[in-house]
Each structure stands twice: as structure tokens, then as C-alpha cells.
Amino acid sequence: MSVIDSLGMLVARKWIAGEDLQHAIQEAKRINSHKESVIMNYLGEDLKSKKLVEQNMDQIMQLLDQMHSKKIKGSIAVKPTQTGLIVSTSYFEKNYSMILAKASRYDITVWLDMEQYRFVPSTINTYLKFHKRYKNTGVCIQAKLKRSLKDVERIAKHNGMVRLVKGAYKYPSTIAFQDKRDVYNNYLRCMAYLFSHADKFMIASHDDKIIKIAINSEKKYHKRISFGMLKGVRSSLAAKIAESEDMNIYLPYGEEWIKYSMRRLSEWEHTKIIIRSIIQG
Ligand SMILES: Cc1cc2nc3c(=O)[nH]c(=O)nc-3n(C[C@H](O)[C@H](O)[C@H](O)COP(=O)(O)OP(=O)(O)OC[C@H]3O[C@@H](n4cnc5c(N)ncnc54)[C@H](O)[C@@H]3O)c2cc1C
């Protein structure tokens with residue numbers, strides 16, 4: 001095994017629950033016992049065939065059943081390209097509505113993860129089409145994209161629920177802020193809009209300054225929002241925040257963990273965070 005593979009394995013154990021649902025549920029219970037909720041994610045993306053999408057749909061349905069029967073406190077996250085968006089928008093919408101129908105019976109929230117730029121418009125349009133019927137759903141918005149403040153405004157105006165992140169994908173300067181400072185500032189702009197116009201949203205970040213501003217804004221606006229962090233990143237801070245706030249730990253699992261870990265490792269900023277989190281816990 002190469003050094004990179006070994007590092008990937010070490011990293012994966014730190015922030016992926018395991019390869020199967022049983023391990024994921026065990027890890028979710030452990031996290032729940034620490035007053036934290038989970039955002040469970042069966043790993044899958046970029047699926048081009050209906051056969052693969054159907055396999056993923058089976059797993060997602062089983063995940064919902066298990067979360068319900070084992071009384072797991074939390075939500076799930078699915079990727080649009082995991083649930084059929086590459087095949088066609090109508091196929092994605094059919095699958096998304098099936099997930100929403102089951103999840104709403106169990107009172108479980110379904111987050112749509114945000115993927116590459118080309119999927120942003122259809123992800124938001126589909127989200128806005130369904131959230132009127134199913135209240136138990138939210139969508140991720142990437143603050144590094146220049147369009148995101150407008151997207152946040154549009155979603156908030158429709159009473160939708162945003163999970164705000166900086167964004168994990170690389171984009172050209174025509175569509176995205178390149179400087180970390182500019183991404184941070186756009187995050188604050190989007191967050192400020194949410195505080196003044198939205199009732200429910202999630203601040204998903206490990207950035208101390210953002211978290212501090214969010215906690216102060218909760219008092220100013222008399223709003224109780226939720227926070228999100230990735231499993232294994234800044235666990236001590238997550239536990240501290242969970243004492244007084246609604247903290248949600250993103251918990252990926254599944255056979256695709258190697259692919260997922262390798263892609264994360266290739267993003268240098270993320271790698272620095274992960275290496276620091278391995279050292280500091
Ligand atoms: C719940 C959740 C869901 C997500 N969903 C998506 C999604 O659907 N689509 C998407 O594109 N991205 C998603 N992401 C990833 C996100 O876009 C970012 O890539 C990731 O969260 C890193 O950004 P950050 O806000 O933590 O800020 P960063 O700028 O990466 O980190 C902030 C600062 O926090 C400090 N810090 C971070 N980690 C540590 C540590 N371990 N120890 C000490 N200090 C540390 C450092 O000072 C760092 O500069 C998600 C993230 C979370 C938490």
C-alpha cells in the first residue's frame with residue numbers, strides 16, 4: 001500500500017463511519033450519546049446509470065428505516081447525482097420525492113448536498129419545487145460562488161431551509177471567489193441575510209470566527225439555528241458547542257469511502273484541516 005493509500009485509510013477511519021449501515025448506525029448512536037445529532041450520508045455520486053441509482057436508493061431507504069427503528073437523532077444528506085440528476089431531472093425528482101415521502105413519515109429531515117456548479121440551478125429548482133409539499137427538507141449553498149447570495153435570498157423568500165457552507169469544489173474566478181477572505185466575507189453576507197429573513201437554517205463550518213458571529217447573532221435576532229461540522233474535524237469544539245447549541249455531525253459511510261477520501265485529500269485546504277484534526281482531535 002502506498003503512503004497516500006495509508007494516509008487515506010488513517011483519515012477515513014477518523015471521519016467516515018464505516019463501510020456499511022450497521023457501523024454507521026453504531027457511530028450515530030455514539031455521537032447521539034454526546035448530545036450531538038447526525039447528518040447521515042450514504043456515499044455515492046456522479047451516477048450515470050439507473051441501475052446504480054436504484055442501488056443507492058435502496059440503501060437510502062434502508063438508512064431511513066434503520067434511523068427510525070433505532071431512534072437515531074438526526075437527518076440524512078443525499079447528493080442529486082446519487083439520486084438520478086445525471087440520468088434526467090424528472091428521474092431525480094421522482095427519487096427525491098420518494099425519499100421525502102418516507103422521511104416525512106419518520107419526521108426525518110432530508111438535506112440536498114450541493115455538488116459541482118453545473119448542478120446548482122437544477123438542485124435549487126427541484127428543491128424549491130418540493131419543499132412546499134414536504135417541509136422536512138433543506139438545501140446546501142456554497143458561499144464561494146458569486147451567485148450564492150441571490151440563491152440564499154430566493155430560498156429564504158420561499159421559506160426554504162439553507163445549510164450554508166464555504167464550498168468544497170474548485171471553480172474559476174468567473175463564477176467563484178478565489179481569495180479565502182472573499183469567500184469568508186460572502187459567507188458572512190449570506191449568513192446576515194439568513195438571520196434577518198429566515199427562521200430555520202444551518203451554519204455548517206469549522207471556522208471559529210463564523211461560529212462566534214453566528215452565536216452572537218442568535219442572541220441579537222432571538223433565533224435558534226443549527227450548526228454542522230464534519231465527523232472527525234474539530235470534534236472538541238463540536239462537543240463544546242453542543243452543550244448549548246443544536247450541533248449536527250455529518251456522518252458519511254459506504255463502500256465508496258476510498259474514492260471520497262482520496263478526493264478530499266487532493267484538496268489541499270481540506271487536507272490541512274484533516275491532518276490538524278487527526279493531531280488535535
Ligand atoms: C455539515 C457540513 C456539510 C457540508 N456539505 C457540503 C456540501 O454539500 N457541498 C460542499 O461543497 N461542501 C460541503 N461541506 C464542506 C464545506 O464546503 C467546506 O469545504 C468545509 O466545511 C471547510 O470549510 P470551513 O467553513 O470549515 O472553513 P475553513 O476555512 O476550511 O476552515 C476554517 C478555519 O477553521 C479552523 N480549523 C478548521 N479545522 C480545524 C481543526 N481541525 N483544528 C483547528 N482549527 C481548524 C482553521 O483556522 C481554518 O482556517 C460541508 C461541510 C459541513 C461541515
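Just above, that's the structure.
The residue numbers shown here count from 1 along each chain, following its written sequence. For a predicted model such as this one, the threshold for reporting local features is a pLDDT of at least 70, and the threshold for listing and counting side-chain atom pairs is 80 or more; totals across whole chains, interfaces and linings nevertheless cover every residue.

Some remarks on the sheet that holds strand β8 (residues 246–253)
Sheets are built from strands that pair by backbone hydrogen bonding, the pairs being arranged parallel or antiparallel. Note the threshold: DSSP-based pairing: two strands are paired if at least 2 bridges between them are found. Think of it this way: any DSSP run of H or I at least four residues long counts as a helix, any run of E at least two long counts as a strand, and we number them from the N terminus. In this description, a line fitted to the C-alpha atoms serves as the axis of each element, helices being fitted only across the stretch in contact, and the angle between N-to-C directions of two axes falls anywhere from 0 to 180 degrees. Note on contacts: residues are paired as contacts if their backbone-placed C-beta atoms lie within 7 Å.
Taken in spatial order, the eight strands line up as β1-β2-β3-β4-β5-β6-β7-β8 and close into a barrel, and their pairing is parallel. Taking each pair of neighbouring strands and ignoring which way they run, the sheet shows an average axis angle of 25°. Taken together, the three bridges between strand β3 (residues 110–112) and strand β4 (residues 137–142) define a ladder with parallel strand orientation. Across the sheet, Trp111 pairs through a bridge with Gly138, a residue of β4. With respect to the sheet, helix α6 (residues 148–157) is in contact with β4 and β5 (162–165), its orientation differing from that of β4 by roughly 160°. Seen against the sheet, helix α7 (residues 180–197) touches β4, β5 and β6 (201–204) and runs at an angle of roughly 160° to β5.

What to know about the pairing of strand β7 (residues 226–230)
Note the following rule: To sort residues by burial, count the other C-beta atoms lying within 10 Å of each one's C-beta; a count of 20 or more means buried, 12 or fewer means exposed, and anything in between means partly exposed. C-beta atoms are built from the backbone. Crossover handedness is defined by viewing with both strands directed away from the observer: a clockwise path from the first strand over the helix to the second marks the crossover as right-handed.
β7 sits mainly inside the fold: five of its five residues count as buried. Of the two faces of β7, the one lined by Ser226, Gly228 and Leu230 and the one lined by Phe227 and Met229 are each fully buried. Bridge count for β6 against β7 is three bridges, and the pairing is parallel. Residue pairing across strands places Ala204 opposite Gly228, the latter belonging to β7. Crossover connection from β6 via helix α8 (residues 208–221) to parallel β7: handedness right-handed.

Some words on the packing of α6 against α7
The test is simple: If an angle is under 35 degrees, it is roughly parallel; if it is over 145, roughly antiparallel; if it lies from 65 to 115, roughly perpendicular; otherwise it is oblique. Two helices cross in a left-handed way if the nearer one is turned anticlockwise from the farther one by less than a right angle. They cross in a right-handed way if the turn is clockwise. Residue polarity follows a fixed list, in which Ala, Val, Leu, Ile, Met, Phe, Trp, Tyr, Cys and Pro are nonpolar, Asp, Glu, Lys and Arg are charged, and the others, Gly among them, are polar.
With their axes 9 Å apart at the nearest point, α6 and α7 run at an angle of 15° to one another. With respect to their mutual orientation, α6 and α7 come out roughly parallel. Considering how the two elements wind past one another, α6 and α7 form a crossing that is right-handed. Contacts from Ser148, Leu149, Val152, Glu153 and Ala156 of α6 reach α7 at Asn186, Arg189, Cys190, Tyr193, Leu194 and His197. Counted by class, the contact of α6 with α7 contains six nonpolar, three polar and two charged residues.

Some points on the environment of Gln55
Secondary-structure assignment places Gln55 in helix α3 (residues 50–69). Sequence separation of Gln55 and Thr83 is 28 residues, and the distance between their C-alpha atoms is 9.7 Å.

Structural notes on α7
Test applied: Here, expected helix span is obtained from the residue count minus one, scaled by 1.5 Å. To be clear, the arc concerns the directions from the helix axis to the C-beta atoms.
In a regular helix each residue adds 1.5 Å, so 18 residues correspond to 26 Å; α7 covers 26 Å between its end C-alpha atoms and thus fits that length. Among all positions in α7, only Val183, Asn186, Tyr187, Cys190, Met191 and Leu194 are buried. Down the axis of α7, the smallest arc covering the buried residues is 140°, so these residues share one side. Seen from the open side of α7, the exposed residues pointing more than 90 degrees away from its buried face are Arg181 and Ser196. For α7, the secondary structure elements touched by its buried residues are β4, α6, β5, β6 and α8.

Section: unusual backbone geometry
Its identity is not glycine, yet His222 carries a phi of approximately 55°, on the positive side. You can see His222 is positioned in the loop between α8 and β7. Using a count of 6 C-beta atoms within 10 Å as the deciding quantity, one classes His222 as exposed. Phi is positive for Arg234, which is not a glycine, with a value near 55°. The residue Arg234 is located in the loop between β7 and α9 (235–242) in this model. Take Arg234: there are 21 C-beta atoms within 10 Å of it, and that puts it in the buried class.

Points about the packing of α3 against helix α4 (residues 89–106)
Packing of α3 against α4 brings their axes to within 10 Å, and their N-to-C directions diverge by 10°. Of the possible angle classes, the one that applies to α3 and α4 is roughly parallel. Residues Val53, Met57, Ile60, Met61, Leu64, Met67 and His68 of α3 touch α4, and the partners they reach there are Asn95, Ile99, Lys102, Ala103 and Tyr106.

Notes on the environment of Ile76
Here Ile76 lies in strand β2 (residues 74–78). Placed 35 residues apart in sequence, Ile76 and Trp111 show a C-alpha to C-alpha distance of 6.1 Å. Not counting residues up to four positions away in its chain, the partners in contact with Ile76 are Ile39, Met40, Asn41, Leu63, Leu64, Ala103, Ile108 and Val110.

Describing α4
Taking 1.5 Å per residue as the helical rise, α4 with its 18 residues ought to reach 26 Å, and the 26 Å between its terminal C-alpha atoms agrees with that figure. What α4 keeps buried is the set Phe92, Asn95, Tyr96, Ile99, Leu100 and Ala103. Looking straight down α4, one finds that the buried residues subtend no more than 140° of arc, so they occupy a single side. Opposite the packed face of α4, turned more than 90 degrees from it, sit the exposed residues Ser90, Ala101 and Arg105. Looking at the buried residues of α4, the elements they touch are α3, β2, β3, α5 (120–130) and β4. Asp107 lies just past α4 and shows a positive phi near 60°.

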